[in-house]
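Remarks on the overall topology
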Amino acid sequence: MKNWNAGVVLLVATVLISLFTLALGYLPVAESLRAMQSQAARGGASQGALSIVGLVKPLLLMGAFAGMTLLVVNMSNAWQRRRKTSPLDTAPGR
Amino acid sequence: MTAAVPPAESGARKVNQTRRNWLLDVALLIVFMLVSAPITTGITLHEWLGLIIFVPVLYHLLWHWKWVVGVFTQATRKLPGQTKFAKWFNLGLFVMIIVAGVSGLMMSEALLPALGWQVAPDNFWLTVHKVSATLMMFLIGVHLALHWRWVANQLRRKQSKGAS
């Protein structure tokens, strides 16, 4: 597929997903959430140490999930290797 | 019909493509890290970076479009397990990026007002934005892990180049 066609497909997919997301705003749960007082503080950039702490959350979350996935993939590969070399699997007639 | 490419030329092209992909992915990761830390950057920069990040995301997708078309045009049962997982997983990541972007726009405090469009603070969109952004961190962590062999190879290559 040419890049131009790919761009059109991506654009259409983006528009459809955006419309779907906007439609979420009309759900009853959206209204009840709007009715609740927002407790979250957004605000501007923080100063000093807190400013750097902001980078820790994405780093920690991404690192933790990447590490866990690597662990699972490695364990699954090791398990598959062990199964392949198991004497039961290589026994004649199997 | 395509003209035959000499092996040396095709090898050089592959090296260039890998280098180009590496640079884009590093830039994408840095921008993503900054976008994910509004406390560090401040809301204004967070919103502008959130808009700008769509450019490298688009290029990332376009440069891997052959893979995308390949996995979505082949019958799912014919695909290897890991590719099958990557197909649906990456689709989920794409959806999550757009959900985070749209929900962020719906409660924009700096970007839209700068363009003359005022939006009121909205607890619903704030919740959707926070949940989708946290899910994105999880999905990008997994995405990185799934391509870790390639990342590690690139890092090793850069290190050996630096040493020599």
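In case you missed it, the structure is sitting above this.
Anyway, here's the lowdown on the structure attached to this text. Within each chain, residues carry numbers counting from 1 in the order of the written sequence. Whichever chain is written first is A, and whichever ligand is written first is 1; the rest continue in order. Local features in this predicted model are restricted to residues whose pLDDT is 70 or higher, and side-chain atom pairs enter the listing and the counts only when it is 80 or higher, whereas totals over whole chains, interfaces and linings include all residues. By convention in this description, side-chain values take in all heavy atoms of the structure and omit both hydrogens and water.

Another point: the interface of chain B and chain A. Note on definitions: a residue-residue contact is assigned when non-hydrogen atoms from the two residues lie within 4.5 Å. Tallying the contact residues gives 41 residues for chain B and 40 residues for chain A. Buried surface at the junction of chain B and chain A, both sides included, amounts to about 3600 Å², of which 76% is carbon and sulfur. Residues Arg 34 of chain A and Asp 122 of chain B are paired through a salt bridge, measuring 2.6 Å at the closest nitrogen-oxygen approach. Two N or O atoms form a polar contact when they lie within 3.5 Å of each other; inside protein one atom must be a possible hydrogen donor and the other a possible acceptor, and for residues adjacent in sequence the pair counts only when both atoms belong to side chains. At the boundary of chain B with chain A, the tally comes to 3 residue pairs in polar contact (both at pLDDT 80 or more). Reported buried area values correspond to the accessible surface (1.4 Å probe) lost by two parts on association, with both partners' losses combined. One speaks of a salt bridge when a side-chain nitrogen belonging to Lys or Arg is within 4 Å of a carboxyl oxygen belonging to Asp or Glu.

Let us now look at the packing of helix α6 (residues 81-106) of chain B against helix α8 (residues 123-146) of chain B. Residue and element names in this part refer to chain B. For the pair α6 and α8, the least separation of the axes is 8 Å and the interaxial angle reads 150°. Taken together, α6 and α8 sit at an angle that is classed as roughly antiparallel. α6 and α8 meet at a crossing whose hand is left-handed. When the residues that make up the contact of α6 with α8 are grouped by side-chain class, the tally is 16 nonpolar, 8 polar and no charged. With axes taken as lines fitted to C-alpha atoms, and helix axes fitted only over the stretch in contact, angles between N-to-C directions fall between 0 and 180 degrees. In this text, helices come from DSSP runs of H or I with a minimum length of four residues, and strands from runs of E with a minimum of two, each type numbered from the N-terminal end. Comment on the angle field: the value is read as roughly parallel under 35 degrees, roughly antiparallel over 145, roughly perpendicular from 65 to 115, and oblique elsewhere. Handedness of a helix crossing follows the sense of rotation of the near helix relative to the far helix, less than a right angle counterclockwise being left-handed and clockwise being right-handed. The residue classification treats Ala, Val, Leu, Ile, Met, Phe, Trp, Tyr, Cys and Pro as nonpolar and Asp, Glu, Lys and Arg as charged. All others, Gly included, are polar.

A few words now on the nonpolar core. Buried Ala, Val, Leu, Ile, Met, Phe, Trp, Tyr and Cys residues that are joined via side-chain atoms within 4.5 Å together make up what is termed a nonpolar core. When accessible area is computed with a 1.4 Å probe and restricted to protein chains, residues below 20% of their type maximum are described as buried, those above 50% as exposed, and intermediate ones as partly exposed. Core analysis: the biggest nonpolar cluster contains 37 residues, and Phe 32, Ile 53 and Met 136 of chain B have the highest contact counts within it. Where this core is concerned, the elements lending two or more residues are α1 (3-24) and α2 (28-35) of chain A together with α1 (7-35), α4 (54-63), α5 (65-73), α6 and α8 of chain B. With residues up to four places along the chain from it excluded, the contact list for Ile 53 of chain B reads Leu 28, Val 31, Phe 32 and Val 35 of chain B.

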